[in-house]
Structures are given as structure tokens and as C-alpha cells.
Amino acid sequence: DTGVSQDPRHKITKRGQNVTFRCDPISEHNRLYWYRQTLGQGPEFLTYFQNEAQLEKSRLLSDRFSAERPKGSFSTLEIQRTEQGDSAMYLCASLAGGARGYTFGSGTRLTVV
Amino acid sequence: AQKITQTQPGMFVQEKEAVTLDCTYDTSDPSYGLFWYKQPSSGEMIFLIYQGSYDQQNATEGRYSLNFQKARKSANLVISASQLGDSAMYFCAMREITEYGNKLVFGAGTILRVKS
């Protein structure tokens, strides 16, 4: 499968716990994006990597959120001290430089109880 | 700042008929790109069609076509010969270019239900 993979698909966690999501982009894509999508809304941009460099972060990305892409390949998104408002679908997308087609993964659906 | 507006929260269409999903956008950039994505209940965002601001012709991809009216800043998606499998959420998005690169800005989406 050469698409964007996200793991896990679903995560249920108790409020206050830390969670980490993983995204494996298409191998030749140097750009990687994280988006958050709440119920009934369109995806909202969280952060963007070009290779291993995190170039842009949304103000939606509070101090409890951290994202990494250590070797310019897979990326992780960690949420510390989760809150109920963090419940959402977290989508990852990748893009080859100069291309127009953003390829999305199937997302990780987080539920904070 | 760029903005995407989808004014139809939900739409119904009879199987085999055509349906138009509306999208208007707001930007001051002369160069931009417009996208439509389909999101079934499984959650994956599936790319449907792309229109560049300088493209002379409306984009088409199989049963999907984009009715691009630049002066009106609209980029409506037309789905012809609707199928039951077209039932999903549809998002219009614009590529926003920043000093760091580019990213997609999405509208709120339209839920499409195809009736048999």
C-alpha cells in the first residue's frame, strides 16, 4: 500500500492522559501536514513539516500538543493532559514538492472520556 | 486571509441524476488552487478534482466536473449520474500560500445523500 497510513484508527482515553498518534506518509513526499476535524466541521490546519523541519504551527496547537518528524519520514503527534475538547479526528496528509495533490490518511479518531 | 464557504449543509439527490454542490471562496491572491474532497463515513479524505486559478477550462474527472466562475469566486462541484456510493461528506478547499509553503483551507462541508 503506497498511501498515507495513520495509527491507531481509533483511540479512547481518559481525560488527563497522554496520547500519541503516528503518520507514515507516502515515501517520496517531503511535506507532511496534520489537521484536526471536529464533528460536522471541515479539517483545520495544525502543523506542517518539510522534511524534518516543522515550518508552521497553527495557534490551535496549544502547548499540550507537540509534533515531530525526526528523520523526515514518519511523524508523531502527541497530546499531553488530554481534555474533552481534544476529541476529534486527527488527519495526516502528505504532498510531494511542486505537486498539487495532497494525499490524506484515514485519520485517527480520538475520544476523551 | 482566505475563506471557503459552503452554504449547503445537506443535499439529497435521486440516483442517476446530477447534483451541484456550491462553493464560494475569498482571496486576494491572483494565484490559487481549488480542490474538492470526498469524505465517506470511514473518514479518509479522497481527492476528487482540482482547478487552478489560471486554468482556462473547467476541470473534469470522470463523473466530476468543476464549474469555475472566477469573477463570481465560485467553484461548484457537479456530480453527474449519481450513485449510491456517492453518499458522503464533500469538502471544498483552497490552497493557501504562506511564507512557509502552502496548506489547504477547508470549508465546512456538504453532506450528500443519494436516494434509490
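The structure this text deals with has already been given above.
Rules of the game
- Residues numbered from 1 in each chain as written.
- Chains lettered and ligands numbered in written order.
- Predicted model: local features only at pLDDT ≥ 70, side-chain atom pairs only at ≥ 80, totals over all residues.
- Heavy atoms only, no water.
- Helix = DSSP H or I, 4+ residues; strand = E, 2+ residues; numbered from the N terminus.
- Rg over C-alpha atoms; globule rule 2.2 N^0.38 Å.
- Buried < 20%, exposed > 50% of the residue type's maximum accessible area, 1.4 Å probe, protein only.
- Contact = heavy atoms within 4.5 Å.
- Buried area = accessible area lost by both parts, 1.4 Å probe.
- Salt bridge = Lys/Arg side-chain N within 4 Å of Asp/Glu carboxyl O.
- Disulfide = S-S within 2.5 Å.
- Core = buried A, V, L, I, M, F, W, Y, C linked by side-chain atoms within 4.5 Å.
- Pairing = 2+ DSSP bridges.
- Axes fitted to C-alpha atoms, helices over the stretch in contact; angles between N-to-C directions.

Caption draft 1: Structural detail: the overall build of chain B. When its secondary structure is counted, chain B shows zero helices and 12 strands. Each helix and strand of chain B, placed in order from N terminus to C terminus, yields the pattern β-β-β-β-β-β-β-β-β-β-β-β. In terms of C-alpha radius of gyration, chain B reaches 14 Å, essentially the compact-globule figure of 13 Å for 116 residues. For chain B, the spread of C-alpha atoms along the principal axes amounts to about 45 × 30 × 20 Å. Per-residue burial over chain B gives 48% buried out of 116 residues. A sequence separation of at least 24 residues applies to 54% of the contacts in chain B between residues at least 6 apart.

Caption draft 2: Inspection of the interface of chain B and chain A at higher detail. Contact residues are listed per partner, giving 19 residues for chain B and 21 residues for chain A. Both faces considered, chain B and chain A share a buried interface measuring about 1800 Å² in area, 52% of it formed by carbon and sulfur atoms. A per-residue breakdown of the area chain B buries against chain A is headed by Y100, N102 and K103 of chain B, which together make up 29% of the total. At the junction of chain B with chain A, the criterion picks out one salt bridge. A salt bridge links K103 of chain B to E56 of chain A, with the shortest nitrogen-to-oxygen separation between them at 2.7 Å.

Caption draft 3: Region of interest: the state of the cysteines. As enumerated under the stated definition, the model contains two disulfides over all chains in all. Across the disulfide, C23 of chain A is cross-linked to C92 of chain A (sulfur-sulfur distance 1.9 Å). Negative torsions about the S-S bond denote left-handed disulfides, and the value of about -70 degrees found for C23 of chain A with C92 of chain A makes this one left-handed. Separated by 69 residues along the polypeptide, C23 of chain A in strand 3 (residues 19–24) and C92 of chain A in strand 9 (residues 88–95) bring together distant segments of the chain. There is no split in this pair, since C23 of chain A and C92 of chain A are both buried. C23 of chain B shares a disulfide with C92 of chain B; S-S distance 2.0 Å.

Caption draft 4: Up close: the nonpolar core. All names here are of chain B. Ranked by internal contacts, the top residues of the largest apolar core, which has 24 residues, are Y25, L34, W36, I49, L77 and Y90. Counting residues per element, this core draws most heavily on strand 10 (residues 88–98), at four residues. The residues touching L34, leaving out its near neighbours within four places in the chain, are I4, Y25, I49, Y50, Q51, F68, A75, A93 and M94.

Caption draft 5: Region of the structure containing the sheet that holds strand 3 of chain A. Residue and element names in this part refer to chain A. Read across the sheet, four strands follow the order 1-3-8-7 without closing on themselves; strand pairing throughout is antiparallel. Both edges of this open sheet fall to strand 1 (5–7) and strand 7 (65–68), since each of them pairs with a single strand only. With strand direction ignored, the average angle separating the axes of adjacent strands in the sheet is 15 degrees. In the sheet, strand 7 pairs with strand 8 (residues 75–79) via four bridges, with the strands oriented antiparallel. For F65, the partnering residue across the bridge sits in strand 8 and is I79.

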